[in-house]
Amino acid sequence: MYPLSFFKQCLACLWKQNLSYWRNPAYNAVRFIFTTAIALLFGTIFWDLGRKVEKPQDLFNAMGSMYGAALFIGFVNCSSVQPVVAVERTVFYRERAAGLYSAFSYAFGQVVIELPYGLIQASIYGIIVYAMIGFEWTAAKFFWYLFFMYFTLLYFTFYGMMTVGVTPNYFIATIVSSAFYSIWNLFSGLFVPRPKIPIWWRWYCWICPVSWTLYGLIVSQFGDITTPMEDGTPVNVFVEDYYGFKHSWVGIVATVVVAFTVFFAFCLPLLS
């Protein structure tokens, strides 16, 4: 059916996407500059909050800084990738009709080319913010932070790609994706903790990707701190009682965040 094997189709699509991304500074260079600016902005606003755990409000501030930045940059990634994918999809339809490659090969190129760019973006943001907010400098906590930021940015990017694949054009894709932003924000568990959400709506927290990102960021940074706060409650006990976040679940949370990333990536060829 195709002139090349599936492996060579994937390499050809990846080669094409590499050239396309390299020649598109309006998308890539701008998002790196924007990420750096946002990292410096959040770092100065939440300067040295990572070490303050004396009061619940201190924890809320630190958690809000992590969550707000992840959500803000994630929304920007989702929105900025949609017009790029919309243009590429027009080319894809033409070349697929000519029998050059399959939908999975095309999706492979688009997904894989985002991996190094996403890693650079997460590293720029993670290093700057982690140092300025002043979280605990241990290798495990630092790399957990980078891990969750990296895969969060990836699944937001892949979600933006997926919405373009399932809608006629990127204008409608923007409307569809924006509708879920508010829902994800509401059920993230930050503003209304999961234990306080009515049980008939609590199921949505478990399928909301943003809630798993928040879970991972919080337990990886604060889930093992036994320092007592002003009222004598250890930090890790407060996190578990108030948010329902258990430090022992950090591996499960990481797996789920990766699963959301893979799910959105696989939806792209299926819906295109």
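Our subject is the structure that appears above.
In this text, all values refer to a predicted model and were calculated from it rather than measured experimentally.

For Thr213, the position within the fold is in helix H8 (residues 209-222). For the pair formed by Thr213 and Glu95, sequence separation is 118 residues and the distance between their alpha carbons is 37 Å. Once residues within four sequence positions are removed from consideration, Thr213 is found in contact with Thr152, Tyr155 and Val257.

What follows concerns the packing of helix H1 (residues 6-22) against helix H3 (residues 56-97). Orientation of H1 relative to H3, taken along the N-to-C sense of each, is 140°, at an axis distance of 13 Å. Judged by the inter-axis angle, H1 sits oblique to H3. Seen from above, H1 lies across H3 with right-handed handedness. Facing Lys16, Gln17, Ser20 and Tyr21 of H1, the residues of H3 in contact are Val81, Glu88 and Glu95. Grouping the constituent residues of the contact of H1 with H3 by class yields 2 nonpolar, 2 polar and 3 charged.

Attention shifts here to empty space enclosed by the protein. Summed over all chains, the structure comprises 1 cavity of 30 Å³ or more. Taken together, Phe187, Ser188, Gly189, Arg194, Cys205, Trp206, Ser211, Trp212, Tyr215 and Phe245 make up the lining of the largest cavity. When contributions to the lining of the largest cavity are tallied by element, the ones reaching two or more residues are helix H7 (199-207) and H8. By residue number, the principal contributor to the lining of the largest cavity is H8, which donates 3 residues. By residue class, the composition of the lining of the largest cavity is 6 nonpolar, 3 polar and 1 charged.

Basis of the calculations
Residues numbered from 1 in each chain as written. Predicted model: local features only at pLDDT ≥ 70, side-chain atom pairs only at ≥ 80, totals over all residues. Heavy atoms only, no water. Helix = DSSP H or I, 4+ residues; strand = E, 2+ residues; numbered from the N terminus. Contact = heavy atoms within 4.5 Å. Axes fitted to C-alpha atoms, helices over the stretch in contact; angles between N-to-C directions. Parallel < 35°, antiparallel > 145°, perpendicular 65-115°, else oblique. Left-handed = near helix turned anticlockwise from the far one by under 90°. Nonpolar A, V, L, I, M, F, W, Y, C, P; charged D, E, K, R; others polar. 1 Å grid on protein atoms, 1.4 Å probe; cavity = no way out; pocket = protein on both sides within 12 Å on 5 of 7 lines; lining within 4 Å. Points joined across faces, edges and corners; volume = space filled by probe spheres on them.

These results come straight from atomic positions and should not be treated as a statement about function.
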